[in-house]
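Working through the structure, step by step
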Amino acid sequence: MKKIIIVAFIGLTLFGCSKESPSHFSTEALEDVFTSLEGKEVSFSEILEKHKGKKILIDIWASWCPDCLKSIPEVQKVQEDYGGARYIFLSLDRNKTDWKNGIERLNIRGDHYFIESGWEGKFGKFLGLDWIPRFLVIDENGKIIVFDATKATDKLIRQSLEKM
């Protein structure tokens, strides 16, 4: 019995179910291409560079996603409470027309980009993207401090923004 417990402990330790949360984006994720509202193609590293030195909340969403739509009012509350942060919305909409219409219809304020590579691109693979909405918080030094939040009400989001 003792051997079974030890083997189980070692197995869980080495092959546990928890996802490791990286502190920095991979080179591949930083090179992935997004499209701005103006139609300009930009790399993810360019998007982050635009907000260098500021805390950033990233919201990965789509206008067809019921959970994403439910989270918008909570994200807007976070924006009201933490105006010093920057807000980036990355869309997994099926097309750019739906994406742009969703932004306007829902009055979503922030920087908006369309994820050209979709779920399976370099950025999506880095995140292990399997659900939206998905939220990340990046600190002033570019370090990922919240990696895997799926609810805008996640306490870690507000806690990380409070340290501004």
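First, a word on scope: everything that follows refers to the structure included in this document. None of these values were measured; they are calculated from a predicted model. The numbering scheme is per chain: residues are counted from 1 as the chain's sequence reads. Restriction of local features to residues with pLDDT of at least 70 applies here, the model being predicted, together with a cutoff of 80 or more for giving and counting side-chain atom pairs; totals for whole chains, interfaces and linings are based on all residues. Each side-chain value is worked out from all heavy atoms of the structure, with water and hydrogens disregarded.

Describing the overall build of the protein
Secondary structure elements are taken from DSSP: a helix is a run of H or I of four residues or more, a strand is a run of E of two residues or more, and numbering for both begins at the N terminus. Counting secondary structure elements, the protein contains 7 helices and 7 strands. Secondary structure of the protein in N-to-C order comes out as α-α-β-β-α-β-α-β-α-β-α-β-β-α. Residues counted as buried form 43% of the 164 residues belonging to the protein. For the protein, restricting intrachain contacts to residue pairs at least 6 apart in sequence, the fraction spanning at least 24 positions comes to 64%. Per element, the accessible surface of the protein, about 9500 Å² overall, is 54% carbon and sulfur. Working definition: with a 1.4 Å probe on protein chains only, accessible area under 20% of the residue-type maximum means buried, over 50% means exposed, and in between means partly exposed. In what follows, residue pairs with any heavy atoms lying within 4.5 Å of each other are defined as contacts. Only the protein chains shown count as cover for residues, with accessible areas throughout obtained via the Shrake-Rupley method and a probe of 1.4 Å.

Details of helix α4 (residues 66-81)
Here α4 contains 16 residues, and its C-alpha end-to-end distance of 24 Å stays within 8% of the 22 Å for a straight helix at 1.5 Å per residue. Ile 72 marks where α4 bends most, by close to 35°; the proline Pro 73 follows one to four residues later. Those residues of α4 lying buried are Cys 68, Ser 71, Ile 72, Glu 74, Val 75, Val 78 and Gln 79. Where α4 is buried, its residues meet β3 (56-61), β4 (86-91), α5 (96-106), β6 (134-138) and α7 (155-162). In this scheme, a helix's expected span is set at 1.5 Å multiplied by one less than its residue total. One fitted axis covers the seven residues ending at a residue, a second covers the seven starting there, and the bend at that residue is the angle between these axes.

Quick word on the pairing of β4
Here β4 lies mainly inside the structure; 5 of its 6 residues are buried. Only strands that DSSP links by at least two bridges are regarded as paired with each other. In terms of strand pairing, β3 meets β4 through 6 bridges, oriented parallel. Directly across from Asp 59, in β4, lies its bridge partner Phe 89. One crossover worth recording links β3 to the parallel β4 by way of α4, and it is right-handed. In this structure, β4 lies alongside strand β5 (residues 111-115), joined through 4 bridges in parallel fashion. Within β5, the position partnered with Ser 91 by the bridge is Phe 114. Handedness rule for crossovers: strands pointing away from the viewer, path from the first strand over the helix to the second running clockwise, crossover right-handed. Note that the unit made of β4, α5 and β5 has a crossover that is right-handed.

A short note on the nonpolar core
For the purposes of this section, nonpolar cores are sets of buried Ala, Val, Leu, Ile, Met, Phe, Trp, Tyr and Cys residues that join through side-chain atoms within 4.5 Å. Ranked by internal contacts, the top residues of the largest apolar core, which has 47 residues, are Phe 25, Ile 58, Ile 60, Leu 90 and Phe 123. Sort the elements by how many residues they give to this core and β3 lands first, with 5 residues.

Details of the side chain of Ser 36
Relative to the elements of secondary structure, Ser 36 occurs in strand β1 (residues 33-36). If near-sequence neighbours (up to four positions away) are discounted, Ser 36 is found in contact with Trp 99, His 112 and Tyr 113.

Thoughts on the environment of Gly 53
Tracing the backbone shows Gly 53 in the loop between α3 (44-50) and β3. The partly exposed category is assigned to Gly 53, whose relative accessible area is 43%. Considering only alpha carbons, one finds Gly 53 and Asp 139, 86 residues apart in sequence, at a separation of 7.8 Å.

Let's talk about the sheet that holds β3
Taken in spatial order, the 7 strands line up as β2-β1-β5-β4-β3-β6-β7 in an open sheet, and their pairing is mixed. Of all the strands in the sheet, just β2 (41-43) and β7 (144-149) have a single pairing partner and so form its edges. Going from strand to strand, the sheet's axes swing by 25° on average, the running direction of each strand aside. To obtain each axis, a line is fitted to C-alpha atoms, and for helices this fit is confined to the stretch in contact; angles are then taken between N-to-C directions over 0 to 180 degrees. Sitting on the sheet, α4 is in contact with β3, β4 and β6, with an inclination near 165° to β3. On the sheet, α5 packs against β1, β3, β4 and β5 and is oriented at approximately 155° with respect to β5.

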